[in-house]
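# Structure at a glance
Okay, here's what each chain looks like letter by letter:
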Amino acid sequence: MITLSGQPANAGAVNEPWEEHRAPGVRGGSAPRDSTELRERVRQFLAEHDPAGMDRLDFLRARYDAGLAWVHFPEGLGGLGIERNKQPIVEAEFAKAGAPDNDPRRIGIGLGMAAPTILAHAGEEQKKRWLRPLWTGEEVWCQLFSEPGAGSDLAALATRAVRDGDDWVVNGQKVWTSQAHKASWAILVTRTDPDVPKHKGLTYFAIDMTQPGVEVRPLRQMTGEAEFNEVFMTDARIPDEHRLGAVGDGWRVATTTLMNERVAIGGGGAPREGGMIGFAAKDWREHPELRTPGKHDELMRLWVQAEAVRLTGRRLSQQMAAGQPGPEGSAAKLAFAELNQKISGLEMEFLGEQALRYDDWTMRRPERTDMLGAQRAPGFRFLRAKGNSIEGGTSEVMRNIVAERVLGLPKEMRADVDVPWKDIPR
Amino acid sequence: MNLLYSDVETDLRASVRALLDERAPAATVLAHLEDDDNTDLKLWRTLATELGCASLPVPEEQGGAGATWRETAVVAEELGRGVTPVPFLGSAVLGTAALLAAGDTATLSAAAAGDTIVTLAVPLAAMPGAYEPTVRAEGGKLTGTVTSVADAGHADALLVPTADGLYLVEAGDVTRTPVVSLDMTRRLTDVTLSGAAGTRVAEGADAVTRALTVGAAMLAAEQLGLADHCLQTTLAYVKERKQFGRAIGSYQALKHRLADLYGSVSQARAVSRYAASCVADDDPDTPVAVALAQAYTSEVVVKAAEECVQMHGGIGFTWEHPAHMYLKRAKADSIALGTADRHRAALAALVDLPPA
């Protein structure tokens, strides 16, 4: 259900040439022409690089260099320039060989959000510099978007970047930043022009998180953990060549990231009972003594809903197999959040007394994003799921997006249109 | 399994929709709603003979179009969209599925050509896998009553389930009593047999079970088509209708509900496509897929029709506006071939989540 690598799950099972489906100009002459050739390419790579007899990182670097990291990326940048729905073929071959992966749950933000944005908007030199260590996990990326005063209204953000010679100097505070304490780099949206309407004065950067002007503090959540952070930037510096997109074009660049984030959170292709419903179903099977008719119908309603959402995710993956995620991902994200909250709530009620006990309130900073809490108490799942309708855009904002961009309904009346950012009441 | 529409399906949809838009737009269906007989047999003949809609899943050597239940589902979506009064569900779906399962090629060929209408004589509310026949067969003579049968009014022959197997009966040998039906675009008929002569075409209950299962999958497609139509027609209205000086579709109170409805319809599309594909491929997951589709789409279609009525406000409650036709069909469909909760119960047994 959550594919943080952003890869659709449907493998191209039928071996037909896909040459004609490819976007023009995205590949060189050496890309495989069908599933058999692609499989052969992986096997040949594995014959030359025995995962058992190699350093993990060396293996991952070699896999990237062979274009087998993310096949829909261009050649030279870890890909082969073929459709992204061919990725599962590659993953299956590597899994079969017992090859190490790049621990996608640890570097989800880099894979799902930073990478597509870098690919679309960074300079060629920067793409080469950033994408390889991003994919191998040598460099963790985080996302500096939300601020205390700019959550749903992201375009109102106040973190300032001011030009200083070949550099930009950044001051401001960001919140809800997962993995910031592990990150070497961040994607960052700043305000570079306060005198124009809010969407027009933004500029997008990649920032070095290891510099002295960047301070990361844990932000503890209702689960007891500090999965997220606050990030304070005080005269932090960014060279101009680390800008993504034009000055003032940051909103458009951020849109690339956000579309990918919503797909990463809501899309994907888990097996049946692969998500939150799996916990409730397992409890139900293991505890006949706790079953009641009322909870049974509720369970079945949620099972049906979960399966409908799962199949919709599969259909969405099939739809965007050759293209880019669109606003339809927003509806998937909405459903995912609502479902997780309902199921985790039912799981607690079903378990009764057992759910009155929590496992651990100790403040820790987890290594990996774990939205389901498979190893945790039911109470953790219930509490963590509350974040699903807030992170990556609240469900209310998602509904606005679906209504306005998918269904074409008229926009909300707003008080900040054509008003310079500095004059908007705050 | 591919859950998208193929090019062939997209073309088929366009042809069916063009014909229905021309011959049976909502205003026309509405105008004939109270006719003694509003079944549009002329339109049905065109659908059957020119577009092959009566025989899509029938092999070509048996006079059919040689397509599958997947393409049939697309036709069901379009007929649902138009609440088109043609004998599709009872004959081209239930009747055809029963004949295919029974292997009665002669009757199948005649029905495929659109010359005869052969309807499965079961109550529309029959639940797949749980239907108990109400007609007895003794020495080839059939006696008993089947209530609330869909598309029996114009049938040339009826397929009548009994404990002794499935019988083919000439329509002239039974008594048909029209029912005042909630869904006026799919009129029901009570069928009484008093020693009617029948020919047994299948033993046991398998053919009927298969027909009801296929029917439930196709009904899910019909429900999807109708739900999507309710959403689209409501979207068009809320963009147009102004109150307090602005389009009512700009209010979040409506926008958010429509966004939710869009999500539900998208999900209904995925489960409906999955069910149609499973039925077409005779996939081992078919019982789960069909129960899932019915459990889900039955609730979505009613919600969509109710939102359509509510968001149209005063006009939506009138007879002159077509919204009531959609609501009546939606509610009838949610009861047809098993209610959502019965399908949830069936699903519970299939996926090992027993009630107690």
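Residues numbered from 1 in each chain as written. Chains lettered and ligands numbered in written order. Predicted model: local features only at pLDDT ≥ 70, side-chain atom pairs only at ≥ 80, totals over all residues.

## A word on the overall build of chain A
- Regarding its fold elements, chain A presents eleven helices and eight strands.
- Put simply, 74% of the contacts in chain A that link residues at least 6 apart link residues at least 24 apart. (Helix = DSSP H or I, 4+ residues; strand = E, 2+ residues; numbered from the N terminus. Contact = placed C-beta atoms within 7 Å.)

## What about the interface of chain B and chain A?
- The interface of chain B with chain A comprises 34 residues on the first partner and 34 residues on the second.
- Elements with a contribution of two residues or more to the side of chain B that touches chain A: helix H7 (206-240), helix H8 (252-281), helix H9 (286-311) and helix H11 (340-350) of chain B.
- With 14 residues, the single largest contributor to the side of chain B that touches chain A is H8(B).
- Of the residues in the side of chain B that touches chain A, the class split is 19 nonpolar, eight polar and seven charged. (Nonpolar A, V, L, I, M, F, W, Y, C, P; charged D, E, K, R; others polar.)

## Details of unusual backbone geometry
- The backbone of Gln179(A) sits at a positive phi, close to 70 degrees, despite the residue not being glycine.
- Inspection of the secondary structure puts Gln179(A) in the loop between strand S3 (167-174) and strand S4 (185-191).
- One non-glycine residue, Asp352(B), adopts positive backbone phi at about 60 degrees.
- Looking at the element boundaries, Asp352(B) is found in the segment after H11.

## Points about the nonpolar core
- Counting 160 residues, the largest nonpolar core has Ala98(B), Ala217(B), Val271(B), Ala275(B) and Ala304(B) as the members making the most contacts within it.
- At 19 residues, H7(B) tops the list of elements feeding residues into this core.
- Other than its neighbours up to four places away in sequence, Ala304(B) contacts Ala227(B), Cys230(B), Leu231(B), Leu261(B), Val265(B) and Ala330(B).
- Among the nonpolar cores identified, the runner-up in size contains 63 residues, and Ile109(A), Ala114(A), Val189(A) and Phe205(A) belong to it. (Core = buried A, V, L, I, M, F, W, Y, C linked by C-beta atoms within 7 Å. Buried ≥ 20, exposed ≤ 12 C-beta atoms within 10 Å, placed from the backbone.)

## Quick notes on the packing of helix H1 (residues 7-23) of chain B against helix H3 (residues 41-51) of chain B
Residue and element names in this part refer to chain B.
- In the contact formed by H1 and H3, the axes pass within 11 Å of each other and the chain directions differ by 155 degrees. It follows from the interaxial angle that H1 and H3 lie roughly antiparallel. Handedness of the crossing formed by H1 with H3: right-handed. Each of Ser 15, Val 16, Leu 19 and Arg 23 in H1 lies in contact with H3, whose residues at this interface are Leu 43, Thr 46, Leu 47 and Leu 51. (Axes fitted to C-alpha atoms, helices over the stretch in contact; angles between N-to-C directions. Parallel < 35°, antiparallel > 145°, perpendicular 65-115°, else oblique. Left-handed = near helix turned anticlockwise from the far one by under 90°.)

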